[in-house]
Amino acid sequence: MKDKFIKFLLFLVISLIMPVTVVISQAAKHLILTSSFEKGFIGPVSSHRTGGSFKNYSDTSAEWSKLQNTSCWLSPGDVHWLYCEIENRDTIDKTIKLYLNNVQAGITLLYSFKNGKLDSLGATGSLLPLNKRSSGDRSLSIPFLVAANETLNLYVKTSRKEVGITLTPILYDTLKGDMPVWTDNLLLTVLSFIFLIVITALVVLKYFLSKESFWFFLYIFFGFFYVLAASGYGSLYLWSKFPFLEENAAVLLGALSTSAFLEFSRIILNTKRLFPTFNKILLACIVIYPLAACLGFLFYNTSIQGAEYSSLLRIPYLLMPLCFGITLGISIYNVAVKKKREFGWFIGVFSFYFLMVLVLILLETGSIAYNHNIHAVLLSFGALPQMVLTLIFLLHRILKLLEFRNREILSVRLQGQQDLMKERLRVSKDLHDEVGATLSGIAMYSHLTKEQIKIGNALEVTQSLNIMQQSAGEMVDKLNDIVWLVNPTHDSMQELIQRLEEYATDMAHARNMQVKLSVPPGLIEYKMPVESRRSIYLFCKEAINNAVKYSEGTLLELIIIKSGGLMQFNVTDNGKGFDPATVQRGNGLENMQRRADDIGAKLQMNSVRDKGCSVSLQVKIN
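Residues numbered from 1 in each chain as written. Predicted model: local features only at pLDDT ≥ 70, side-chain atom pairs only at ≥ 80, totals over all residues. Heavy atoms only, no water.

Enquirer: Help me get a handle on the overall build of the chain, residues and values and all.
Expert: Counting secondary structure elements, the chain contains 15 helices and 18 strands. When burial is assessed residue by residue, the chain has 45% of its 622 residues classed as buried. For the chain, the proportion of contacts with a sequence separation of at least 24, taken over those separated by at least 6, is 74%. Carbon and sulfur atoms make up 61% of the accessible area of the chain, which amounts to about 32500 Å² in all. (Helix = DSSP H or I, 4+ residues; strand = E, 2+ residues; numbered from the N terminus. Buried < 20%, exposed > 50% of the residue type's maximum accessible area, 1.4 Å probe, protein only. Contact = heavy atoms within 4.5 Å. Areas by Shrake-Rupley, 256 points an atom, 1.4 Å probe, with all protein chains shown as cover.)

And the structure:
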């Protein structure tokens, strides 16, 4: 009885252990589908090899290597095969969908091998348009059927010409589950927000055109298409029919966006002046990264291999963390040392960028297994916060600039009001001094003329009338000068020269003097400030008047010369001249000196007896 009981216990233990042992043994070799199966990774039960042609695993198992985890790194330029067995132990047929868990898997074909025959189960991949994918989805999936109690030999064939990728294939029972849609919703939401940022950047570029807004727009513009490429929507709807573009789209667009952002940062941080060594490193990255990415297009007409390209890309990939580490350090320096709080936004931007670049490098090199869900999260919460923070920084900078310009406008307006008040006071003073004094003289002589008429002194009446006539003429000339000088339409050099030439011609005509004018062509359209124009005009008028009245010469020259930041007005005659050391300074010379002092100009006078006289005024110009 005791022996029977012991035998029963041994039988019971063996009965319990054997199925578990069989399941474990089978699980180590292939994937088992049961009634409770919902999803499972095929990596742990798969084998991998490279080669262009199909080879039956049963015949060539020595050429296959077992995968050690859920992911498989696919080197660029090679054709890769994955093999696994799938056993359906359920009593019903199962519709299974294979997800590649990567949105950039070139062209991928799924086969089954039964009864010595290789059958196609479907195709997908980023190089196939929507209507040629087995499932019209972004995440690259292929549905197939596993009959009840059937063991299916499954082969996955895939390749990518340029940068290598990681596949993490997973099976879903379509009746019980599927790839979650929240990743699609998340990416579509992020793309919508980024598109709004692109529109905002375009508006900023239109109304606040500057180097900063230009490079910010390029950063956002290429960044939007990079997210399209990296998310799979680009190949799904836009460029899958153009393999040369699709294979290199994410790398190239990411490089262009990153380089534009680095140039934007270089300008904002003013590294050219403040950090020249770091500036050279940034410039090198800005040039090297897009150039390296553009080399991807050469694979379609040269012998460059994908492995060589991947190795080449490691250079800018390794430079990127250095660049963003530098810019992050400079931003922290500006906030902590220079007390520039606006760069606090930049610290957040560069922190996001620095971490994202590190993660992407690990993903691209296969150090981190590619996971479709994780990639969607990284892409969304890596790209969008950077762009939003950079936009906030730029808008804050524009607002500060607008405030500064508003203060400048108010200052200019106040200065304009002060200049207007000053001009009004000057005009009123001129009217009082010039016209008022002349009118007072005319009034005095008119009263004197009445008395002279009463006593019948005709000669004195004639003299008084002549004086009044001359005074009235001078008053008209002075009024004309005042009106002309305050007219803003006469602020060009051409107007000033023309009026001086007319005055000199009229004055010289009475003394039979010839007038010559010499002006460089480039000065004709030069705009003169009101105060400078008035002083220069009155100075030259006084010099012309003195030359005509006292020189007794036959030639009067008005010469204008521009040299550097100086403009020189020369009034020269060929008359009798004088000795400047002994000449008595009258009102004319005193007036000219006062005109020069009013505008901070330099008065020079050169004269030699019997060789003429030259009076010049040197004026600083902007």
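The structure having been displayed, the exposition proceeds.
Enquirer: Tell me about helix α14 (residues 530-550), and name the residues and values.
Expert: Given 3.6 residues per turn, any residue in an α-helix points the same way as the ones three and four places further on. Under the 1.5 Å per step criterion, the end-to-end length of α14 is 30 Å for 21 residues, consistent within 8% with the ideal 30 Å. The element α14 is extensively covered by neighbouring structure, given that 16 of its 21 residues are classed as buried. Following α14 by one or two positions, Glu552 adopts a phi angle in the positive range, close to 60°. (Expected span 1.5 Å × (residues − 1).)

Enquirer: Mind laying out the pattern of salt bridges, listing which residues take part and the relevant values?
Expert: One pass over the structure, following the stated rule, counts 10 salt bridges. Between Asp90 and Lys94 there is a salt bridge, with its nearest N and O atoms 3.3 Å apart. What makes Lys94 buried here is its relative accessible area of 3%. In this structure, Asp178 engages Lys97 in a salt bridge whose closest nitrogen and oxygen atoms are separated by 3.6 Å. Of this pair, Asp178 sits in the loop between β13 (170-173) and α3 (182-207) while Lys97 is found in strand β7 (residues 94-99), placing the two residues 81 residues apart along the sequence. The exposure class assigned to Asp178 is partly exposed, which follows from its relative accessible area of 34%. Residue Lys97 is classed as buried on the basis of its relative accessible area, which comes to 13%. Each of Asp90, Lys94 and Asp173 takes part in one network of salt bridges that share partners. (Salt bridge = Lys/Arg side-chain N within 4 Å of Asp/Glu carboxyl O.)

Enquirer: Which residues make up the packing of helix α4 (residues 211-231) against helix α6 (residues 243-269), and what are the values?
Expert: Between α4 and α6, the least distance of the axes is 8 Å, while the angle of their chain directions is 155°. Put simply, α4 runs roughly antiparallel to α6. Crossing hand, α4 versus α6: left-handed. Here Lys211, Glu212, Trp215, Phe216, Leu218, Tyr219, Phe222, Gly223, Phe225, Tyr226, Ala229 and Ala230 of α4 lie close against α6, whose contacting residues are Ala249, Ala250, Leu253, Gly254, Leu256, Ser257, Ala260, Phe261, Glu263, Phe264, Ile267 and Ile268. Among the residues forming the contact of α4 with α6, the class breakdown is 18 nonpolar, 3 polar and 3 charged. (Axes fitted to C-alpha atoms, helices over the stretch in contact; angles between N-to-C directions. Parallel < 35°, antiparallel > 145°, perpendicular 65-115°, else oblique. Left-handed = near helix turned anticlockwise from the far one by under 90°. Nonpolar A, V, L, I, M, F, W, Y, C, P; charged D, E, K, R; others polar.)

Enquirer: Lay out a nonpolar patch on the surface in plain terms, naming residues and giving numbers.
Expert: Taken together, the side chains of Phe193, Phe195, Leu196, Ile199, Val203 and Tyr207 define a hydrophobic patch exposed on the protein surface, amounting to about 620 Å² of accessible area. Within the secondary structure, Phe193 is located in helix α3. A relative accessible area of 47% means that Phe193 is categorised as partly exposed. (Patch = residues over 30% accessible without salt bridge, like charges linked within 9 Å, V, L, I, M, F, W, Y side chains within 5 Å.)

Enquirer: Quick one: what's the story with the environment of Ile281, residue by residue and with numbers?
Expert: Within the secondary structure, Ile281 is located in helix α8 (residues 276-294). Between the C-alpha atom of Ile281 and that of Leu322, which follows or precedes it by 41 residues, the distance is 8.9 Å. In contact with Ile281, other than residues within four places in its own chain, are Leu322, Cys323 and Ile326.

Enquirer: Residue-level account of the packing of aromatic side chains, with values.
Expert: Both the distance between ring centres and the angle between the ring planes are used here to describe each pair of aromatic rings. Per the stated rule, a full pass over the model turns up 24 aromatic pairs. Here Phe113 and Tyr155 contribute two aromatic rings whose centre-to-centre distance is 6.5 Å and whose plane-to-plane angle is 80°, an arrangement assigned as edge-to-face. Placement of the pair is Phe113 in strand β8 (residues 107-114) and Tyr155 in strand β11 (residues 151-159), with a sequence separation of 42 residues. For the pair Phe113 and Tyr155, one class covers both residues: buried. The interplanar angle of 45° and the centroid separation of 4.7 Å between the aromatic rings of Tyr219 and Phe261 together place this pair among those described as tilted. Here Phe261 lies in helix α6 and Tyr219 lies in helix α4, a separation of 42 residues in the sequence. Assessed through its relative accessible area of 1%, Tyr219 is described here as buried. Judged by its relative accessible area of 0%, Phe261 falls in the buried class. Through a chain of ring-to-ring contacts, three or more aromatic side chains come together here, namely Phe54, Tyr57, Trp64, Trp81, Tyr83, Tyr111, Phe113 and Tyr155. (Phe/Tyr/Trp six-rings, centres within 6.5 Å; stacked < 30°, edge-to-face > 60°.)

Enquirer: Give me the side chain of Ser231: which residues, what numbers.
Expert: By the element assignment, Ser231 lies in helix α4. In terms of polar contacts, Ser231 uses its side chain to reach the backbone carbonyl oxygen of Val227, at 2.7 Å. Ignoring anything within four residues of it in the chain, the contact list for Ser231 reads Val103, Arg138, Leu187, Leu191 and Leu379. (Polar contact = N/O pair within 3.5 Å; in protein donor to acceptor, adjacent residues only side chain to side chain.)

Enquirer: If you had to explain the confidence of the model for the chain to someone new, which residues and values would you point to?
Expert: Per-chain confidence: the chain averages 81 in pLDDT, with 87% of residues scoring 70 or above. Low confidence marks residues 1-28, where pLDDT is under 50. Its contacts with residues over four positions away, or in another chain, come to 8 contacts. (pLDDT = per-residue confidence, 0-100.)

Enquirer: Help me get a handle on the sheet that holds β13, residues and values and all.
Expert: Taken in spatial order, the 4 strands of this open sheet run β2-β13-β7-β10, and their pairing is antiparallel. Of all the strands in the sheet, just β2 (39-41) and β10 (141-146) have a single pairing partner and so form its edges. Taken over all neighbouring pairs, the strand axes of this sheet differ in orientation by 25° on average, direction set aside. Looking at chain direction, β7 and β13 are connected through 4 bridges and run antiparallel. Each bridged residue has a counterpart across the sheet, and for Tyr99 the counterpart in β13 is Ile170. (Pairing = 2+ DSSP bridges.)

Enquirer: Now, about the pairing of β11: what can you tell me, with residues and values included?
Expert: As paired strands, strand β6 (residues 79-88) and β11 are joined by 9 bridges and run antiparallel to one another. Across the sheet, residue Leu82 finds its bridge partner in β11, namely Val156. Summarising the sheet, β8 and β11 pair through 7 bridges and their orientation is antiparallel. Along β11, the bridge assignment pairs Ser112 with Leu154.

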